[in-house]
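Remarks on the overall topology
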Amino acid sequence: MVDERVPPTVGLLGTLAVIVLAGAPFVALPQTESSGLGVYYGFGFVGPWGVSLIAVVAAVVFAAGRQDRTPGETAAGVTLGLGVVMALLAFQWALAVDRSVVLQLGTAEWLEHHRWLLLAATLVVPASAAWYARKLRLI
């Protein structure tokens, strides 16, 4: 039987992955290639920075639920809602980014997949929140 602290821990790790992935191009790309990242991040309603902000809030809520500072039911519900919104915004951003902009940024092949990796990381959050709610017998 899985401990009730495992789902929020997985969710917390998912939020940290979102934050790391959102900032990865600024760290991994050479300075000459990172000059076009403003355009890349400017697509969509809020872009990766808005998604990262939601991830930070979700991380705090997951941690509070994990440490019993917030009722588990509240933490599971809030993180489920935040996770769905985060995933939808990341999906909208990933679709909005023009492929030609990505190809103009530099020679790093991983950058072509960056937006989809970020989207995949955001999906961990609502999945772990739903798992947390199920573990608490809410759904």
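The preceding data block contains the structure.
These notes cover the structure that comes with them. (Residues numbered from 1 in each chain as written. Predicted model: local features only at pLDDT ≥ 70, side-chain atom pairs only at ≥ 80, totals over all residues. Heavy atoms only, no water.)

**Digging into helix 4 (residues 72–96)**
Over its 25 residues, helix 4 extends 36 Å from the first C-alpha to the last, a length consistent with the 36 Å expected when each residue adds 1.5 Å. Buried residues belonging to helix 4 abut helix 1 (6–28), helix 2 (37–41), helix 3 (47–66) and helix 6 (111–135). (Helix = DSSP H or I, 4+ residues; strand = E, 2+ residues; numbered from the N terminus. Expected span 1.5 Å × (residues − 1). Contact = heavy atoms within 4.5 Å.)

**Considerations on a nonpolar patch on the surface**
Taken together, the side chains of Val 6, Val 10, Val 124 and Trp 131 make up a nonpolar region of the molecular surface, amounting to roughly 260 Å² of accessible area. Every element with two or more residues in the nonpolar patch is listed here: helix 1 and helix 6. Inspection of the secondary structure puts Val 124 in helix 6. When its relative accessible area of 31% is taken as the criterion, Val 124 is described as partly exposed. (Patch = residues over 30% accessible without salt bridge, like charges linked within 9 Å, V, L, I, M, F, W, Y side chains within 5 Å. Areas by Shrake-Rupley, 256 points an atom, 1.4 Å probe, with all protein chains shown as cover. Salt bridge = Lys/Arg side-chain N within 4 Å of Asp/Glu carboxyl O. Buried < 20%, exposed > 50% of the residue type's maximum accessible area, 1.4 Å probe, protein only.)

**Some thoughts on the pattern of salt bridges**
Taken as a whole, this structure holds one salt bridge when the rule is applied. Among the salt bridges present, the one from Arg 99 reaches Glu 112, with a minimum N-O distance of 3.1 Å. Here Glu 112 lies in helix 6 and Arg 99 lies in helix 5 (residues 99–105), a separation of 13 residues in the sequence. Residue Arg 99 is classed as partly exposed on the basis of its relative accessible area, which comes to 48%.

These figures capture arrangement, not role.
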